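# An overview of the molecular structure
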Amino acid sequence: MKIAVIGAGAAGLAALRHCISGTYGHQVVCYEKTDQIGGTWVYREQTGFDRYGLPIHTSMYKSLRANLPKEVMGYPDFLIPEGPVSYLTRTQILDFLNIYCDHFKLRPYIRLLHHVELVEPVTGDRKWSVKVRDLQNDAIVIESFDAVMVCNGHYFKPKIPNIPGQNVFTGKQIHSHDYRVPDFFNGKKVVVMGAGPSGMDLSLEISKNANRVILSHHLTETIDTVFPENVVQKGDVVELTEREAVFADGTKEQVDVVFYCTGYKYSFPFLAESCGVRVDSNMVTHLWKHLVSIENSTLALIGLPFYVCAFSMFDLQVRFVLRYWHGEKQFPARADMLRSEAEEAARRAERGLQKKHFHMMGPEQEHYYSDLANVAGITPLLPVLTKLHNESSMRFLKDLVHFREDRYKIIDDYNFVELSR
Ligand code: FAD
């Protein structure tokens, strides 16, 4: 088969590695629109648009240290080597991705500075037409493929809620996608909106520079973690006035900056409508197992689930897809795949989850991983990964200030130990 991989982040690299492996040995081209591999782990000072007029992809900030221990951040057959700390810096993760890329000799297959503009199904010898702009030469290239793996990430298109008064507020408004260094917040009063991993981490980070940080979220209970004294928690911001944020409980605070840590939208701007992929309130359909397009099963979207052991899951998803594309497994009937997706949506809705939570795994990840492995008959991920992921996520919530001092060691397929700090 001739396969296109879109994006050379952690997911695209896993896709390439398996597509070219001895088992399959497909013909592969990986298109990457930036000048480097690594995706969101590549730190760039620049925000807004790059020199080619494309939106900056990365959301990485300068001081970032991973919020998961390295023991769960490697690939199943290429672990992050042991070392004195568990929580690595962004540079160490990027270095690891480069080592992975070199170890599996992936670079010859990657076309840097190639921006995929359009992917559409066609009739003919091959099923897909991929239109790419070679940015350096400002030339359009159109190539045909039998299958496409979309690995374009999902932390690049900011989601900003509509709040009455946004247009009259005279302070600054910034999304975490454009955050790089804390100096911007020196002496400021800031309302941070959203208490996901970014909102929590960034409240802590900017609290060293800001005068006061109000972490605003719609959780019904106060987050039980130890924040510095200048960080307080409040409910939702329901309105902005010229200088103030008005909260759900009717209180008001004068603020200089509204900092949106409100997440991202899934976006596949290059997929033609005929690809059959839709995004509705951040739920991507119609996909079998959050992964394979039901309309066109030679199109796979790698990496959609979140709150996961990302790199390992990418690897598992790619191995899953290749079993089918290679003919070792047959896809179920279209109606069965649609039914399976609808049943999962119904189960999640019953539990009170919204559409935007459709791809959220967290406690469900173990079930997802073992389902993929069982259904395709491929090597499963080790149970210890989910166990350690869950444990470290709990520590993150409990002790935001110190959790990165924890150190872990995996001792067998099921168990890890905590090493002394
Ligand atoms: P990306 O890394 O986003 O890579 C996508 C690639 O596709 C990019 O290189 C992009 O340039 C390219 N691309 C996009 N569109 C096109 C196009 N049209 N044509 C050609 N190329 C294109 N995960 C963890 O496991 N631990 C953490 O601690 C952690 N911290 C994070 C902190 C931040 C601030 C963010 C934003 C994410 C964090 N993540 C973390 C999640 C992280 O996104 C994943 O770990 C993983 O790196 C995602 O890989 P990806 O390949 O799916 O996407």
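Everything quoted here is computed from the prediction, not taken from an experiment. (Residues numbered from 1 in each chain as written. Predicted model: local features only at pLDDT ≥ 70, side-chain atom pairs only at ≥ 80, totals over all residues. Heavy atoms only, no water.)

## Description of the sheet that holds strand 4 (residues 114–121)
Our working definition: Each pair of strands is called paired provided DSSP finds at least two bridges between the two strands. Put simply, DSSP marks the helices as runs of H or I at least four residues long and the strands as runs of E at least two long, and each gets a number from the N terminus on. Axis lines are fitted to C-alpha atoms, over the contacting stretch for helices. Their N-to-C directions set the angle, which ranges from 0 to 180 degrees.
One open sheet accounts for 3 strands, arranged 4-5-6; its pairing is antiparallel. Bordering the open sheet on either side are strand 4 and strand 6 (139–145), each of which pairs with just one other strand. Across this sheet, the average inter-strand angle for adjacent strands is 20 degrees, counted without regard to direction. Sheet topology places strand 5 (residues 128–134) next to strand 6; 7 bridges connect them, and they run antiparallel. Residue V132 lies in a different strand from strand 6, and its bridge partner there is V141.

## Some remarks on unusual backbone geometry
As a reminder, the rule being used: Per-residue accessibility, obtained with a 1.4 Å probe over protein chains only, is compared with the maximum for each type, and a residue is labelled buried under 20%, exposed over 50%, and partly exposed between these values.
Here T285 and H286 are connected by a cis peptide whose omega angle stands at -15 degrees. Even without glycine at this site, D138 takes up a positive phi of about 45 degrees. Checked against the element boundaries, D138 lands in the loop between strand 5 and strand 6. Taking the relative accessible area as the measure of exposure, D138 reaches 55% and is therefore exposed. Of note in this structure, H290 is not a glycine but carries a positive phi near 60 degrees. The topology assignment puts H290 in the loop between strand 18 (287–288) and strand 19 (292–293).

## Quick notes on the packing of aromatic side chains
Selection rule: Classification of ring pairs rests on two measures: the distance between centres of Phe, Tyr or Trp rings, Trp counted by its six-membered ring, which must be within 6.5 Å, and the angle between planes, read as stacked under 30 degrees, edge-to-face over 60 and tilted in between. Any Lys NZ or Arg CZ that is within 6 Å of a ring centre and within 35 degrees of that ring's normal is treated as a charge sitting over the ring.
Under the defined criterion, the tally for this structure stands at 25 aromatic pairs. On the basis of an interplanar angle of 25 degrees and a centroid distance of 6.1 Å, the ring pair of Y75 and F96 is categorised as stacked. Of this pair, Y75 sits in the loop between strand 2 (27–31) and helix 2 (90–103) while F96 sits in helix 2, and the two are 21 residues apart along the sequence. We note that Y75, like F96, is buried. An aromatic cluster is defined as three or more aromatic residues linked by ring pairs; in this entry it consists of Y75, F78, F96, Y100, F104, F311 and F314. Lying over the aromatic face of F145, K2 brings its terminal NZ or CZ to 4.7 Å of the ring centre. For the cation-ring pair, K234 lies above F247, with the distance from its terminal atom to the ring centre recorded as 4.9 Å.

## Section: the site of the ligand
The cut-off we apply is this: One heavy atom suffices: a residue is near a molecule or strand as soon as one of its heavy atoms comes within 4 Å of it. Pairing of N or O atoms within 3.5 Å defines a polar contact, subject to two protein rules: one partner must be a possible hydrogen donor and the other a possible acceptor, and residues neighboring in sequence count only if both atoms are side-chain atoms. Each accessible area value is a Shrake-Rupley result obtained with a 1.4 Å probe; residue values ignore everything except the protein chains displayed when judging cover. Under the grouping applied here, Gly and all other residues not named as nonpolar or charged are polar, the nonpolar ones being Ala, Val, Leu, Ile, Met, Phe, Trp, Tyr, Cys and Pro and the charged ones Asp, Glu, Lys and Arg.
The ligand sits among 30 residues. The nearest are E32, T40, W41, H57 and N67. Between an oxygen atom of the ligand and a main-chain N or O atom of A10, the distance comes to 3.1 Å. Protein coverage of the free-state accessible area of the ligand, which is 990 Å², stands at 92%. Taken together, the elements giving at least two residues each to the shell around the ligand come down to helix 1 (10–19), strand 4 and helix 4 (310–325). Considered class by class, the residues forming the shell around the ligand number 16 nonpolar, 12 polar and 2 charged.

Just distances and angles here, no functional claims.
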